[in-house]
Amino acid sequence: MEDKIVVRGRTSVNGTLPVHGAKNSVLKLMAATLLAEGRSTITNVPEIQDVSIMAELLRRLGCQVDYDRAGHTVAIDVPEALHHQADYDLVRAMRASISVLGPLTVRSGAAEVAVPGGDAIGTRGLDMHRAGLEAMGAHLRTEGGYLKTSVDGRLHGAHYRLPYPSVGATENLMTAATLADGVTVLDNVAREPEIVDICRMLVDMGAQIEGIGTGTLTITGVERLQPVIHRTVPDRIVAGTWAFAAAITGGEVVVQGAEAEHMEVVLDKLRDAGCEIEVLDDGFRVRGPQRPSPVNFSTFPYPGFPTDLQPFAVALNAVADGPGMITENVFEARWGFTAELERLGAIVRLDGHHAWLNGVDELSGAPVEAMDIRAGAALVIAGMRADGETIVGGVEHIDRGYEHFVENLTAAGAAVDRRLQGGF
């Protein structure tokens, strides 16, 4: 027996759907608190499984962590001396654990972080993390499944250009640079709103960072940073999930708490699909068409269309009025869930980085399995458009990225229920 999400089809979402703090920011904000001794508090924290995992990881590093789920806050007391090993049992469950590598290396002069696992969506190597830290004077080696760093004295400033604007590498290198000797220049960095969020917290802690929001960060190292109170940026992927839910099911939702300026490409694509979009003071409204028009999507680093919303783009084109193509330029193995979507009746043809879909009039409910966070949510929404009942397994993935996912959809009129079920 395991938890499943049971979806009764031919329903739509209508009403207000809330957006919590960004998963892809808060986990890295928690890691960044390691840079400053004392008590830091992060607010607008989502009630999701990944926050609990990161909290346990920080406890094992010597911190006291109070996670107030109801109050959506995490308070972290960072000691003067940190432990420096991030254990495999936690890192394998959540790849964001790698974000402690930079803070531990610069604060403790050493780190041992298990080579991470996470979602099965493609290769995400650590070469850029290694090369950047080595340019700053760290020694790195892999031993016993751990990436180990050591420093003779202190890290020093360096000029490093990332071959690709990796979010994880940008985070580790910029956090390490805040306490390094001298000036570090990082070129071709990631520019996601979550990166900007972390930079703003670091500046409030006393870091000297120029170029925030651009492709080049110039960081002048300081002797110490101070603890801080910081509010997490809204989760644009959750906001996109609710927007696509309206587009796919023909509903109308107010996505409350979202930052529309973080989602310009996404909202433009939804307009192309036939949605009516209205930007509000605290979010935006999406009115979906009776049946969406097909749209060609290509994923790119920010400000391009986000890879985390690619499964929803696939689900939209699966029911669109005509053929559409989706190109995945970030994670090469993200197509695995299309086989589950085909169980619902979608017509998909894969060709390398491309997926061709010929939209069908109607999907048909079936048992399916979530393979990662976003694919799981997309299958639930596709099931809402299908005829009959869809049973989604692997819902523990959805728990990692969405707060009260079933409850929020139910409040907006979806016929979605979570229950214990036997195997398929």
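An unreviewed UniProt entry annotates the protein as UDP-N-acetylglucosamine 1-carboxyvinyltransferase of Kocuria palustris PEL. What UniProt states about the protein under its Function (unreviewed entry) heading is, verbatim, "Cell wall formation. Adds enolpyruvyl to UDP-N-acetylglucosamine." Heading Catalytic activity (unreviewed entry) of the UniProt record for the protein holds this comment: "phosphoenolpyruvate + UDP-N-acetyl-alpha-D-glucosamine = UDP-N-acetyl-3-O-(1-carboxyvinyl)-alpha-D-glucosamine + phosphate".

1. Remarks on the overall build of the protein
Looking only at helices and strands, one finds 14 helices and 24 strands in the protein. Each of the three principal axes of the protein carries a C-alpha extent, and together these read 65 × 45 × 40 Å. When the 424 residues of the protein are sorted by exposure, 58% land in the buried category. Side-chain charges of the protein comprise 36 positive and 56 negative groups, with the mean position of each set lying 2 Å from the other.

2. Looking at the sheet that holds strand E6 (residues 85–86)
Across the sheet, 4 strands lie side by side as E6-E7-E9-E8; this open sheet has mixed pairing. Each of the sheet's edge strands pairs with one partner strand only, and the pair in question is E6 and strand E8 (138–143). Bridge count between E6 and strand E7 (residues 110–114): 2 bridges; the pairing is parallel. Counterpart to Gln85 in the pairing with E7 is Glu112. Of the strands in this sheet, E8 and strand E9 (146–151) are in contact with helix H5 (residues 127–135), which crosses E8 at around 145°.

3. Thoughts on the pattern of salt bridges
Enumeration over the complete set of coordinates arrives at 28 salt bridges. Here Asp181 and Arg154 are joined by a salt bridge, their closest N and O atoms 3.0 Å apart. Remark: Arg154 occurs in the loop between E9 and strand E10 (159–161) and Asp181 occurs in the loop between helix H6 (167–177) and strand E11 (183–187); sequence separation between them is 27 residues. Judged by its relative accessible area of 33%, Arg154 is partly exposed.

4. Concerning the nonpolar core
Met30, Val51, Leu58 and Val100 are the most contacted members of the largest nonpolar core, which has 75 residues in total. When sequence neighbours within four positions are dropped, the list of residues in contact with Val100 reads Ala31, Leu34, Leu57, Leu61, Ala86, Val113 and Asn172.

5. Focus: the packing of helix H4 (residues 101–108) against H6
The description of two packed helices rests on the angle between their axes and on the distance between the axes. Between H4 and H6, whose axes approach to 7 Å, the crossing angle comes to 20°. One finds that H4 runs roughly parallel with respect to H6. Considering how the two elements wind past one another, H4 and H6 form a crossing that is right-handed. Where H4 approaches H6, its residues Leu101, Gly102, Pro103 and Val106 are matched on the opposing element by Asn172, Thr175 and Ala176.

6. Quick look at the packing of aromatic side chains
Inspection of every chain in the model, using the stated rule, returns 7 aromatic pairs. With a centroid separation of 6.3 Å and 55° between ring planes, the pair formed by Trp242 and Tyr402 is classed as tilted. You can see Trp242 sitting in helix H8 (residues 236–249) and its partner Tyr402 sitting in the loop between helix H13 (395–399) and helix H14 (405–411), a full 160 residues away along the chain. Across this residue pair, the class does not change: Trp242 and Tyr402 are buried.

7. Observations regarding the domain arrangement of the protein
Under the domain assignment used here, the protein contains domain 1 (3–19 + 234–420) and domain 2 (23–225). Computed over C-alpha atoms, the centres of domain 1 and domain 2 are 30 Å apart. With 25 residues of domain 1 in contact, the opposing surface of domain 2 contributes 24 residues. Of the roughly 2000 Å² buried at the junction of domain 1 and domain 2 (both faces included), carbon and sulfur atoms supply 47%. If you sort the residues of domain 1 by the area they bury against domain 2, Phe331, Arg400 and Glu403 come out on top, with a joint share of 33%. Taken together, domain 1 and domain 2 are joined by 2 salt bridges. The shortest N-O distance in the salt bridge between Glu194 and Arg236 comes to 2.9 Å. Secondary-structure elements contributing two or more residues to the side of domain 1 that touches domain 2 are H8, helix H12 (373–385) and H13.

8. Points about the packing of H6 against helix H7 (residues 193–204)
Across the interface, H6 lies against H7 with an axial gap of 11 Å and an inter-helix angle of 10°. Classified by the interaxial angle, the pair formed by H6 and H7 is roughly parallel. In this structure, H6 contributes Val167, Thr170, Glu171, Met174 and Thr175 to the contact, and H7 contributes Ile195, Ile198, Cys199 and Leu202. Across the contact of H6 with H7, the residue classes break down as 6 nonpolar, 2 polar and 1 charged.

9. Focus: the sheet that holds strand E14 (residues 229–231)
An order of E4-E5-E3-E14 is seen for the 4 strands of this open sheet, with the pairing classed as mixed. The sheet is open, and its two edges are formed by strand E4 (64–68) and E14, each paired on a single side. Ignoring which end each strand starts from, the neighbouring axes of this sheet average 15° apart. Pairing of E4 with strand E5 (residues 73–78) involves 5 bridges; the strand directions are antiparallel. From the neighbouring strand, Asp68 faces E5, where its bridge partner is Thr73. Running over the sheet, helix H2 (residues 49–60) touches E4 and E5 and is turned about 160° from E4.

10. Quick notes on the pairing of E4
Only one face of E4 is covered, namely the face carrying Val65 and Tyr67; the face carrying Gln64, Asp66 and Asp68 is uncovered. The turn joining E4 and E5, which pair antiparallel and follow one another in sequence, is formed by 4 residues; a positive phi near 55° is taken by His72.

Criteria and thresholds
Residues numbered from 1 in each chain as written. Predicted model: local features only at pLDDT ≥ 70, side-chain atom pairs only at ≥ 80, totals over all residues. Heavy atoms only, no water. UniProt positions renumbered as here; feature names shortened; annotations may be inferred. Helix = DSSP H or I, 4+ residues; strand = E, 2+ residues; numbered from the N terminus. Buried < 20%, exposed > 50% of the residue type's maximum accessible area, 1.4 Å probe, protein only. Lys, Arg positive; Asp, Glu negative; His and termini not counted. Charge placed at Lys NZ, Arg CZ, Asp CG, Glu CD. Pairing = 2+ DSSP bridges. Contact = heavy atoms within 4.5 Å. Axes fitted to C-alpha atoms, helices over the stretch in contact; angles between N-to-C directions. Salt bridge = Lys/Arg side-chain N within 4 Å of Asp/Glu carboxyl O. Core = buried A, V, L, I, M, F, W, Y, C linked by side-chain atoms within 4.5 Å. Parallel < 35°, antiparallel > 145°, perpendicular 65-115°, else oblique. Left-handed = near helix turned anticlockwise from the far one by under 90°. Phe/Tyr/Trp six-rings, centres within 6.5 Å; stacked < 30°, edge-to-face > 60°. Domains from an automatic or database assignment. Buried area = accessible area lost by both parts, 1.4 Å probe. Nonpolar A, V, L, I, M, F, W, Y, C, P; charged D, E, K, R; others polar.

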